[in-house]
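The primary structure of each chain is shown beneath.
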Amino acid sequence: MMPSSERDFFADMRDDFLYVDLVDTAKQEVRAILAAAVNAAVAAGALPGAEVPPFVVEIPADAAHGDFAANLAMVSAKAFGMPPRKIAEAVLAHLPKESMVEKAEVAGPGFINLFVNEAYYTSVLLAALSCGESYGRTRYGGGEKVNVEFVSANPTGPMHLGNARGGALGDSLAAALQWAGYEVSREFYINDAGNQIVKFGKSLAARYLQVVQGEDAVPFPEDGYQGEDIRQRAAEFYDANGAAPAELPAEELEALLVSYALPRNIQSLKSDLAKYRVEYDTWFSESTLHVSGAVDAAVQRLSQRGATYVQDGATWYRATQYGEEKDEVLVRANGIPTYFAADIAYHMNKFERGFTQLIDVWGADHHGHVARMKGAMNALGFDGDKLDIVLMQFVRLVRDGVQVKMSKRTGQAITLTDLLDEVPIDSARFFFNMREPGSTIEFDLGLAVAQDSDNPVYYVQYAHARICSILRNLAGEGTVFAPEKAFAPGQLTTPEERALIRQIAAFPGEIVSAATGRDPARITRYLIELATLFHKFYTACRIKGEEEARLQARLALATATKTVLENGLSMLKVSAPQQM
């Protein structure tokens, strides 16, 4: 938290910058400036009267080409009947005398490159410093209600590496949406009904009876769950209840074991995810859909809309009517609904709860389910395009270049808890968001624990700690950030300073892009680049020993950078240490 003197200095301007994306605002202003220049050129006879087609204002990849660039002249060539360069030259000759544009030039075949004045750069620092922990937040989403469902691991066993990636990805995506102005609810769907629970019960019963009667005396189901966790739950049940339940009929024993083990497994999921810094607003049980009649209601609604038919005693969904290759069974001839029917009811329930956007984070192996679920929402009368499925590719765990598949501790497939026993949570959450969801991740265990600049999370955290150290050491010598002295003209003009300010300015827009593109990896990439630009700035531009105006200006830049690093890391739920 900034000192009270700093808060007082920035308090009056905070409302001017809160929830504002200065880059987007500047683009709009540049667009208006260019439109005014076109009108002036037309009025002066330098351009013929014609309607200007839509044009793009963007940030050039190379800062030498300006702060902003526009293709106005390129897209207007046909409308004006003139070469793009001639149009661009006429526009620049009629730019308003007083505006944020300090300099403009024509490049290549007719691009217009624009350089903004120092006031823009100053406003970026003022925005970051006045908004503090809120810098980066916008109202882009307009408060739209979004449900983000992620992980939703099968409660019959522990979470695997895919769940670990899904947890970091889904949680960080939800955070980006919140920062972008959406009203977000995080949700975990508990698959506590259906065939997997039947198999769970049979597996537990077999392991329990093996404890009571001996392992060789009781066969284990061929398709049963083989995990050590099943043995552990069965042994715990025996310790608590003894051998008496072994006399129960098979179905009663299986139901009793499920009622014992399932709540404990669900609690383990909650505890492991909480350790991973993932908290949910809603834990939604599939079984409630069946008990409440929601599954039947969904099937009935589809039937009323002509989207089902009955054949051989089973109720079928006309999936081919909604773009699929084959129809799907909703209710079997024995009256038992399929998992697909329950899934349709669940998504219908989300819409009925008032969410206008649904985002599901699924493993890539579920890709075949995407189109039919969207089609089912259309069949129900909802907008299937409002259901967005983020398909997440798999994780390849490596150590010293060799793929690791088994836990050293258990000899079993590596779980979330195995990973967190070896890798810091900061590294796990950062690494799982290093690539876009559709890319396979190679998770390097050695790199994740390395304490050097090769480790990307360490590199970003070190930039934050380095700024804290600079501020702390200067304060120890009697020099503190004094905002009333920090904004004298002409102080932050080097390429390194300007590049760092431009990166700070880009933060709100990157958050919106991460939210709308369903790609929180944009935030990790942004933070790595921010850290890189800070290290370059600090190497090229000393702070200590400079005359007061420049020292204070650079302290403002360092402090603003620190704020953005903290905010970006907080979105990922990664710590921002003050010392390393």
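The shown structure was predicted, so the numbers you read here are calculated from the model rather than taken from an experiment.

The rules behind each value
Residues numbered from 1 in each chain as written. Predicted model: local features only at pLDDT ≥ 70, side-chain atom pairs only at ≥ 80, totals over all residues. Heavy atoms only, no water. Phe/Tyr/Trp six-rings, centres within 6.5 Å; stacked < 30°, edge-to-face > 60°. Helix = DSSP H or I, 4+ residues; strand = E, 2+ residues; numbered from the N terminus. Salt bridge = Lys/Arg side-chain N within 4 Å of Asp/Glu carboxyl O. Buried < 20%, exposed > 50% of the residue type's maximum accessible area, 1.4 Å probe, protein only. Pairing = 2+ DSSP bridges. Polar contact = N/O pair within 3.5 Å; in protein donor to acceptor, adjacent residues only side chain to side chain. Contact = heavy atoms within 4.5 Å. Axes fitted to C-alpha atoms, helices over the stretch in contact; angles between N-to-C directions. Expected span 1.5 Å × (residues − 1). Parallel < 35°, antiparallel > 145°, perpendicular 65-115°, else oblique. Left-handed = near helix turned anticlockwise from the far one by under 90°. Nonpolar A, V, L, I, M, F, W, Y, C, P; charged D, E, K, R; others polar.

## Points about the packing of aromatic side chains
(1) Moving on: In this structure the tally under the stated criterion is 27 aromatic pairs.
(2) Moving on: With a centroid separation of 4.4 Å and 25° between ring planes, the pair formed by Phe 188 and Trp 283 is classed as stacked. Of this pair, Phe 188 sits in strand E6 (residues 183-190) while Trp 283 sits in strand E7 (residues 282-285); the two residues are 95 residues apart in sequence, bridging distant segments of the chain.
(3) Moving on: Each ring, one from Tyr 458 and one from Tyr 462, has its centre 6.4 Å from the other, and the planes form 0°; the classification is stacked.

## Details of the pattern of salt bridges
(1) Moving on: Scanning the model with the defined rule gives 27 salt bridges in all.
(2) Moving on: Ionic pairing is found between Asp 171 and Arg 429, a salt bridge with its closest N-O pair at 2.9 Å. Note that Asp 171 is positioned in helix H7 (residues 161-179) and Arg 429 in helix H16 (residues 425-431), a separation of 258 residues in sequence.
(3) Moving on: A salt bridge links Arg 233 to Glu 236; the shortest N-O distance between them is 2.9 Å. With Arg 233 and Glu 236 both in helix H9 (residues 228-241) and 3 residues apart, the pair spans about one turn of that helix.
(4) Moving on: Residue class for Arg 233 comes out buried when judged on its relative accessible area of 13%.
(5) Moving on: Under the relative-accessibility criterion, Glu 236 is labelled partly exposed at 23%.

## As for unusual backbone geometry
The phi torsion of most residues other than glycine is negative, and most of the peptide bonds are trans.
(1) Moving on: The backbone of Ser 152 shows a phi angle near 40°, a positive value even though the residue is not glycine.
(2) Moving on: Mapped onto the secondary structure, Ser 152 falls in the loop between strand E5 (145-149) and H7.
(3) Moving on: Classification of Ser 152 as buried rests on a relative accessible area of 14%.
(4) Moving on: One non-glycine residue with positive phi stands out, namely Arg 518, at about 55°.
(5) Moving on: Tracing the chain through its elements places Arg 518 in the loop between helix H20 (507-516) and helix H21 (521-540).

## Description of the sheet that holds strand E13 (residues 395-399)
(1) Moving on: If you walk across this open sheet you meet the 3 strands as E14-E13-E15, and the pairing is mixed. Each edge of the sheet is formed by a strand with only one pairing partner; in this case those strands are strand E14 (402-403) and strand E15 (441-444).
(2) Moving on: As judged from the 2 bridges shared by E13 and E14, these two strands associate in the antiparallel manner. When the bridges of E14 are listed, Val 398 appears paired with Gln 403.

## Focus: the environment of Asn 113
(1) Moving on: Tracing the sequence through the fold places Asn 113 in strand E4 (residues 111-116).
(2) Moving on: According to the relative accessible area criterion, Asn 113 is buried, its value standing at 5%.
(3) Moving on: Residues Asn 113 and Ile 59 lie 54 residues apart in sequence; the distance between their C-alpha atoms is 9.4 Å.
(4) Moving on: Polar side-chain contacts of Asn 113 include one of 3.2 Å to the backbone oxygen of His 65.

## Focus on the pairing of strand E9 (residues 314-317)
(1) Moving on: One ladder, built from 4 bridges, connects strand E8 (residues 308-311) with E9; its direction is antiparallel. Within E9, the residue paired with Tyr 309 across the bridge is Trp 316.
(2) Moving on: Counting the residues that bridge the hairpin from E8 to E9 gives 2 residues, and of these Asp 312 lies at a positive phi of roughly 55°.
(3) Moving on: With 3 bridges connecting them, E9 and strand E10 (residues 328-331) associate as antiparallel partners. Paired with Thr 315 across the two strands is Val 331, which belongs to E10.

## Side note on the sheet that holds E4
(1) Moving on: Ordered in space as E1-E2-E4-E3, the 4 strands form an open sheet in which the pairing is antiparallel. In this open sheet, the two edge strands, each paired with only one partner strand, are strand E1 (57-58) and strand E3 (101-107).
(2) Moving on: Here E3 pairs with E4 via 6 bridges, running antiparallel. Looking across to E4, one finds that Lys 103 is bridged to Phe 115.
(3) Moving on: Seen against the sheet, helix H2 (residues 22-43) touches E1, strand E2 (68-70), E3 and E4 and runs at an angle of roughly 45° to E2.

## A few points about helix H5 (residues 84-93)
(1) Moving on: Restricting attention to buried positions, one finds in H5 the residues Ile 87, Ala 88, Ala 90, Val 91 and Leu 92.
(2) Moving on: Structurally, H5 contributes buried residues whose contacts are with H2, helix H3 (72-75), helix H4 (77-80), E3 and E4.

## Digging into helix H22 (residues 548-571)
(1) Moving on: Spanning 24 residues, H22 covers 35 Å between terminal C-alpha atoms, matching the ideal 34 Å at 1.5 Å per step.
(2) Moving on: By the criterion of burial, H22 is predominantly enclosed, with 20 of the 24 residues buried.
(3) Moving on: Of the residues that open H22, the one with a side-chain oxygen 3.0 Å from the backbone nitrogen of Ala 549 is Glu 547.
(4) Moving on: Once H22 finishes, Lys 573 follows within two positions and takes phi at roughly 55°, a positive value.

## Regarding the packing of H21 against H22
Any two packed helices are characterised by the angle at which their axes cross and by the distance between the axes.
(1) Moving on: Remark: H21 packs on H22, axes separated minimally by 10 Å, with the N-to-C direction vectors making an angle of 160°. Relative to H22, the element H21 lies roughly antiparallel. Every pair of crossing elements has a handedness; the one defined by H21 and H22 is left-handed. Residues Ile 523, Tyr 526, Leu 527, Leu 530, Phe 534 and Phe 537 of H21 touch H22, and the partners they reach there are Arg 554, Leu 557, Ala 558, Thr 561, Val 564, Leu 565, Gly 568, Leu 569 and Met 571.
(2) Moving on: Grouping the amino acids of the contact of H21 with H22 by side-chain chemistry returns 12 nonpolar, 2 polar and 1 charged.

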